[in-house]
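Tertiary structure, described
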Amino acid sequence: MLDIKLIRKEPEMVKESLRKRKSDPSLIDRLLDIDEQRRDNIGKADELKNTRNVESKKIGKMKKEGKDIQPQAKKVREIGDEIKRLNDEIRSLDVEIYEIMSVIPNIPSEKVPPGKDDSENVEVRRWGEIPEFSFTPLPHWDIGEKLDILDIPRAVKLSKTRFTLLKGMGAALERALTSFMLDVQTRERGYTEILPPFLVNPESMLGSGQLPKFEEDLFKCEKYNLYLIPTAEVPLTNYHANEIIDEEDLPLYYSGYSACFRSEAGSAGKDTRGLTRNHQFDKVELVKFTHPDNSYDELEKMLNDAEEILKRLKIPYRVMIICLGDLGFTPVFKYDLEFWAPGQNRWVEVSSCSNCTDFQARRANIRFKSRKGGKPDYVHTLNGSGLAVGRTLAAVLENYQNEDGSVTVPEVLRPYMHGLEAIMMTEAG
RNA sequence: GGAGAGGUGGCAGAGCUGGUCGAAUGCGCGCGACUGGAAAUCGCGUCUACGGGGCAAAACUUCGUAGCGUGGGUUCGAAUCCCACCCUCUCCGCCA
């Protein structure tokens, strides 16, 4: 949600931003028109309410004095009818304003590079050596199948396509990765761990920006009016919804594991194999609530927190800045982390770290205030994956595969795997 | 799921035989006085949103409106009455 005052003040700038995002800039003219009507009506209604309050109080006095209140009551009732009419108008204008406001995307930072789609994202740095194999490295789904730790056909039998099932050491490795990620973020990087609900109400989905525009991407539990979360960003960001945080307490860092559920509408044909794009996956999420003055610095730190996981796993990756055309609805600036997948001979996204500035804070009504007074202001919210667990598992399998079909367990994960050094054919299952 | 009780400001807690209630009181918090400093004490202050005016603008200020779980209704007027929904607590049932 943008600030309506900003739209009033600089409509051309907002329109230009919409044009760049291929949204319809005429929305803004419509919005400003309704906004003016609304304010006009509020002014009229408030004036009438004032009159009503004054006249109404007179009735109280008249009653005490034993006078006939009927003529006065009739007069005030008529004022009330007019107020009711204006209120109805205001309400329908409010609805229309909200409908428009909630589909206007955030205004990208000026630092976002131009570009029409993900092919124009900008690489900022690489870490690690791309490994050389003396054999042809396999994609993770082949590795997983051979080791009998990834069973997709059975997952499909149980559920439907685009669901997966981990077995034996595969499941254990997923758990190890999750614990490792959470331990790093909570014990070393200052995040407070949250294990959130995986089903949330529509208000929460509105707060973080999934609704109303992206309903088709969500799984809904119709009977209970709840949605399965597509990321822990939703519950973590809404954690402070409708609250005013002490300025002294900022920044706040939260990290949480959740299963994530995405309908993947419109992704037919993409990444159909393996762990890369499924309806359900595990993720450790990072969310920050920061002072508006330092959200960009905090984004850099958050990016480093996500990178740290890949560094310790010794998986080569690169950092990308997302260009205008690939940015999405909510963030003003976004980094992606992509690991090198030798079995697929390509880079695969494993994390996104975004600064959403006050866009979500406005929707979810998350503000901060100094104890010493002053007006509350909206916090900035940031979110990032730290990391997507399923894809990280894929990264481990592909980067740590050996010629005999075994997979070496990365050193940092061994404490979480009871010291296991490698997953062998014979140990499968 | 059944029975009952209840949801008031940062917290606790009055008000709930409708008008003078944005709402007593206490705590907390902020500023000031006192003090070598602190505690205690005393004084002042302390919600938010929207709309209009003042200011280049923000801060701020002034006027008005709204808000006592949420949404409707009754009434000239609702924290107070009625309805629906949500939530919390206690007991029972069920259950990992």
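Described in the following lines is the structure provided in the data block.

**Looking at the overall build of chain A**
Looking only at helices and strands, one finds 12 helices and 16 strands in chain A. Dimensions of chain A along its principal axes, counting C-alpha atoms only, are 100 × 45 × 45 Å. Out of the 429 residues belonging to chain A, those deemed buried represent 50%. Sequence separation of 24 or more characterises 73% of the internal contacts of chain A that already satisfy a separation of 6 or more. About 21200 Å² of surface is accessible on chain A, with carbon and sulfur atoms providing 48% of the total.

**Re the protein's contact with RNA strand B**
Arg8, Ser56, Val76, Arg367 and Lys369 are the nearest of the 24 residues found near RNA strand B. Backbone atoms, meaning sugar plus phosphate, form 78% of the atoms of RNA strand B positioned within 4 Å of the protein. Within the side chain of Arg8, a nitrogen or oxygen atom sits 3.0 Å from a phosphate oxygen of RNA strand B. At 3.4 Å, a backbone N or O of Ala73 approaches a sugar or linking oxygen of RNA strand B. Elements supplying a minimum of two residues to the surface near RNA strand B: helix H3 (26-64), helix H4 (70-101), strand E12 (366-370) and strand E13 (373-378). In terms of residue count, H3 provides more of the surface near RNA strand B than any other element does, 12 residues in total. Considered class by class, the residues forming the surface near RNA strand B number 5 nonpolar, 5 polar and 14 charged.

**Details of the sheet that holds strand E3 (residues 199-200)**
Sheets are built from strands that pair by backbone hydrogen bonding, the pairs being arranged parallel or antiparallel. Strand order in the open sheet made by the 3 strands is E3-E5-E4, with antiparallel pairing throughout. Only two strands of the sheet have a single neighbouring strand rather than two, namely E3 and strand E4 (219-221).

**Overview of the layout of surface pockets**
In this approach a probe as big as a water molecule rolls over the atoms, and the regions it shows empty are the leftover space. Approximately 560 Å³ is the volume found for the second largest pocket. Lining the second largest pocket are 23 residues, and of these Leu6, Met13, Ile107, Pro108 and Ser109 lie nearest its centre. Of all the secondary structure elements, the ones that give two or more residues to the lining of the second largest pocket are helix H1 (4-9) and helix H2 (11-20). Residue contributions to the lining of the second largest pocket peak at 4 residues, all from H2. Broken down by class, the residue content of the lining of the second largest pocket amounts to 10 nonpolar, 5 polar and 8 charged.

**Things to note about the nonpolar core**
Nonpolar side chains in soluble globular proteins tend to be buried together. Counting residues in each nonpolar core, the largest one holds 58 residues, and the members touching the most others are Leu173, Leu177, Met181, Ile315, Leu337 and Leu387. Of all the elements, helix H7 (residues 169-188) adds the most residues to this core, at 8 residues. Apart from residues no more than four positions distant in its own chain, Leu387 is found in contact with Met181, Lys283, Val284, Ala306, Ile309, Leu310, Leu337, Val350, Ser351 and Thr392.

**Examining the sheet that holds E12**
Across the sheet, 3 strands lie side by side as E6-E12-E13; this open sheet has mixed pairing. Strand pairing shows two members of the sheet lacking a second neighbour, strand E6 (243-246) and E13, which therefore form its edges. The average angle at which neighbouring strand axes cross in this sheet is 30°, direction not considered.

**What about H7?**
Here H7 spans 27 Å end to end across 20 residues, near enough to the 28 Å set by a 1.5 Å rise per residue. Backbone geometry just downstream of H7 places Gly190 in the positive-phi region, at approximately 85°.

**Observations regarding the packing of aromatic side chains**
All chains considered together, the criterion is met by 12 aromatic pairs. Taking 5.7 Å as the distance between ring centres and 20° as the angle between the ring planes, the aromatic pair formed by Trp127 and Tyr317 counts as stacked. A residue pair is termed long-range when its members are at least 10 positions apart, and Trp127 in strand E1 (residues 122-127) and Tyr317 in strand E9 (residues 317-321) qualify at 190 residues. Since its relative accessible area comes to 1%, Tyr317 is described here as buried. An angle of 80° between the planes, with centres 5.2 Å apart, marks the rings of Phe333 and Tyr335 as edge-to-face. Like Tyr335, Phe333 is buried.

**Here's the deal with the pattern of salt bridges**
Note on pairing: side chains with opposite charge can pair once their charged atoms come close. Scanning the model with the defined rule gives 35 salt bridges in all. Here Arg125 and Glu307 are joined by a salt bridge, their closest N and O atoms 2.5 Å apart. On the criterion of sequence distance, the pair formed by Arg125 in strand E1 and Glu307 in helix H10 (residues 295-313) is long-range, its members being 182 residues apart. The class for Arg125 is partly exposed, based on a relative accessible area of 35%. The class for Glu307 is buried, based on a relative accessible area of 2%. Ionic pairing is found between Glu298 and Lys301, a salt bridge with its closest N-O pair at 3.8 Å. Note that Glu298 and Lys301 are positioned in helix H10 at a spacing of 3 residues, about one turn of the helix. Accessibility expressed as a relative area gives 7% for Glu298, which makes it buried. The partly exposed category is assigned to Lys301, whose relative accessible area is 43%. One network of salt bridges, in which partners are shared, links Glu188, Arg189, Asp305, Glu308 and Arg312.

Each value, and the rule that gives it
- Residues numbered from 1 in each chain as written.
- Chains lettered and ligands numbered in written order.
- Predicted model: local features only at pLDDT ≥ 70, side-chain atom pairs only at ≥ 80, totals over all residues.
- Heavy atoms only, no water.
- Helix = DSSP H or I, 4+ residues; strand = E, 2+ residues; numbered from the N terminus.
- Buried < 20%, exposed > 50% of the residue type's maximum accessible area, 1.4 Å probe, protein only.
- Contact = heavy atoms within 4.5 Å.
- Areas by Shrake-Rupley, 256 points an atom, 1.4 Å probe, with all protein chains shown as cover.
- Near = heavy atom within 4 Å.
- Polar contact = N/O pair within 3.5 Å; in protein donor to acceptor, adjacent residues only side chain to side chain.
- Nonpolar A, V, L, I, M, F, W, Y, C, P; charged D, E, K, R; others polar.
- Pairing = 2+ DSSP bridges.
- 1 Å grid on protein atoms, 1.4 Å probe; cavity = no way out; pocket = protein on both sides within 12 Å on 5 of 7 lines; lining within 4 Å.
- Points joined across faces, edges and corners; volume = space filled by probe spheres on them.
- Core = buried A, V, L, I, M, F, W, Y, C linked by side-chain atoms within 4.5 Å.
- Axes fitted to C-alpha atoms, helices over the stretch in contact; angles between N-to-C directions.
- Expected span 1.5 Å × (residues − 1).
- Phe/Tyr/Trp six-rings, centres within 6.5 Å; stacked < 30°, edge-to-face > 60°.
- Salt bridge = Lys/Arg side-chain N within 4 Å of Asp/Glu carboxyl O.

Keep in mind that these numbers describe shape and distance, not what the molecule does.
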